[in-house]
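# Observations on the three-dimensional arrangement
Spelled out, the chains give:
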Amino acid sequence: MARSEEKFDAVCSLEVLEHVDNPPSFLAACSACLAPHGSIFLSTMNRTQKSRFLTITMAEHVLKMIPAGTHDWHKYITPSEMRTYLEGAGCDVVSMQGMVPDIDLMTLAWECSPSAVVKRWRLSEKDWDVNYIVHAVRKIQD
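Sequence order as written defines residue numbering, which begins from 1 separately in each chain. Per-residue local features of the predicted model are confined to residues with pLDDT of at least 70, and side-chain atom pairs are confined, for both listing and counting, to 80 or more; whole-chain, interface and lining totals are unaffected and use all residues. Side-chain metrics rest on all non-hydrogen atoms present in the structure, leaving aside hydrogens and water.

Take unusual backbone geometry next. The residue Glu15 is not glycine, and still its phi comes out positive at about 60°. Starting at the N terminus, helices and strands are each numbered in turn, a helix being any DSSP run of H or I of at least four residues and a strand any DSSP run of E of at least two. Here Glu15 is to be found in the loop between strand 1 (8-14) and helix 1 (23-32). For Glu15, a relative accessible area of 27% gives the class partly exposed. In this model, Lys64 sits at a positive phi of 55°, which is unusual for a non-glycine residue. Under the scheme applied here, a residue whose accessible area is under 20% of the maximum for its type counts as buried, over 50% as exposed, and between as partly exposed, the area being computed with a 1.4 Å probe on protein chains only. A relative accessible area of 62% places Lys64 in the exposed class.

A few words now on the state of the cysteines. Two cysteine sulfurs form a disulfide in these notes if their separation is within 2.5 Å. Summed over the entire model, instances satisfying the criterion amount to zero disulfides. Counting only cysteine sulfurs, Cys30 is the nearest neighbor of Cys33, a cysteine outside any disulfide, at a range of 6.5 Å. Cysteine Cys91 shares no disulfide, and the gap to the nearest cysteine sulfur, in Cys30, comes to 8.9 Å. By relative accessible area, which is 1% here, Cys91 ends up buried.

Moving on to the pattern of salt bridges. Note on definitions: salt bridges are taken to be side-chain nitrogens of Lys or Arg within 4 Å of carboxyl oxygens of Asp or Glu. As enumerated under the stated definition, the model contains five salt bridges in all. The residue Asp127 makes a salt bridge to Lys50 at a minimum N-O spacing of 3.4 Å. Here Asp127 is found in the loop between strand 4 (118-124) and strand 5 (131-138), whereas its partner Lys50 is found in helix 2 (residues 49-62), with 77 residues between them in sequence. Taking the relative accessible area as the measure of exposure, Asp127 reaches 23% and is therefore partly exposed. Accessibility expressed as a relative area gives 35% for Lys50, which makes it partly exposed. The residue Asp92 makes a salt bridge to Lys139 at a minimum N-O spacing of 3.7 Å. Of this pair, Asp92 sits in strand 3 (residues 91-103) while Lys139 sits in the segment after strand 5; the two residues are 47 residues apart in sequence, bridging distant segments of the chain. Since its relative accessible area comes to 41%, Asp92 is described here as partly exposed.

Have a look at this one:
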């Protein structure tokens with residue numbers, strides 16, 4: 001496969017990394033597509049017991065919001081692993097924040113529909129237990 005020499009100002013990979021077999025290699029390939037000081041935006045699942053319970057036990061098996069087997073908890077990436085992978089790919093992490101759902105309890109009470117509960121997401125400085133989002137920038141190569 002021929003490789004393009006074209007470089008981009010931004011690369012986005014949202015909710016993909018938790019499905020990738022080799023995250024360091026994937027992130028290196030994403031970084032290689034960036035122009036110097038180009039931005040990469042990533043979101044993924046944190047490997048915690050809370051994320052296992054909510055994304056696999058509840059979302060896949062109990063509520064059946066997504067097909068069973070969609071996620072493999074062992075592929076979830078901790079924030080410290082993410083930082084290490086990005087640094088290895090030639091990127092500096094600019095920011096990392098948790099992503100949490102804004103849960104509408106009235107909708108849950110009236111409609112009893114788990115999919116109707118989450119209307120939007122918000123960033124959190126404190127709760128990184130399930131999802132988080134990252135902004136990193138490619139370093140200038142010497």
